[in-house]
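# Close look at the chain arrangement
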Amino acid sequence: MISLSVRFGKRLRELRKERGLSQEDFAARCGLDRTYVSGMERGVRNPSLAVIDTLAVALGIRLEELFKGL
């Protein structure tokens, strides 16, 4: 089974790309480093609840939508 971190990362990448955002632009919008966003998308970084909330706000979605399908 694929880990939750990897599934979350795939979902994050999907949502970011749907909005036409590069990792760099998305990271800037979130106030995060691009390498941290990359790590989350690859499933090697585990974001805190505060960061997860920031990601949802930057994507313009509710937290439920961020976790949809995981």
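Here, the structure is the one placed above.
So, here's what we can say about the structure. Bear in mind the structure is a predicted one, so any value in this text is a computation, not a measurement. (Residues numbered from 1 in each chain as written. Predicted model: local features only at pLDDT ≥ 70, side-chain atom pairs only at ≥ 80, totals over all residues. Heavy atoms only, no water.)

Here the focus is the pattern of salt bridges. This structure, assessed with the given rule, holds six salt bridges. A salt bridge links R11 to E65; the shortest N-O distance between them is 3.1 Å. Taken together, the positions of R11 in helix α1 (residues 4–18) and E65 in helix α5 (residues 63–66) put the pair 54 residues apart, joining distant regions of the chain. Among the residues examined, R11 registers a relative accessible area of 10% and is labelled buried. Note on E65: relative accessible area 31%, which makes it partly exposed. The structure contains a network of salt bridges with shared partners spanning R11, E14 and E65. (Salt bridge = Lys/Arg side-chain N within 4 Å of Asp/Glu carboxyl O. Helix = DSSP H or I, 4+ residues; strand = E, 2+ residues; numbered from the N terminus. Buried < 20%, exposed > 50% of the residue type's maximum accessible area, 1.4 Å probe, protein only.)

The topology assignment puts E41 in helix α3 (residues 34–42). Exposure remark for E41: the relative accessible area of 2% places this residue in the buried category. In this structure, E41 is in contact with G9, K10, L12, R13, R16 and Q23, ignoring residues within four places of it in sequence. (Contact = heavy atoms within 4.5 Å.)

What follows deals with the packing of aromatic side chains. Overall, the coordinates contain one aromatic pair when judged by the stated rule. Centroid distance F8 to F67: 5.5 Å. Interplanar angle 40°. Geometry classified as tilted. Taken together, the positions of F8 in helix α1 and F67 in the segment after α5 put the pair 59 residues apart, joining distant regions of the chain. By relative accessible area, which is 38% here, F67 ends up partly exposed. (Phe/Tyr/Trp six-rings, centres within 6.5 Å; stacked < 30°, edge-to-face > 60°.)

Take the packing of α1 against α3 next. Across the interface, α1 lies against α3 with an axial gap of 6 Å and an inter-helix angle of 120°. Here α1 lies oblique to α3, going by the angle between them. The residues of α3 that touch α1, namely those facing S5, V6, G9, K10, L12, R13 and R16, are M40, E41 and R42. Each residue belonging to the contact of α1 with α3 can be placed in one class, and the counts come to three nonpolar, two polar and five charged. (Axes fitted to C-alpha atoms, helices over the stretch in contact; angles between N-to-C directions. Parallel < 35°, antiparallel > 145°, perpendicular 65-115°, else oblique. Nonpolar A, V, L, I, M, F, W, Y, C, P; charged D, E, K, R; others polar.)

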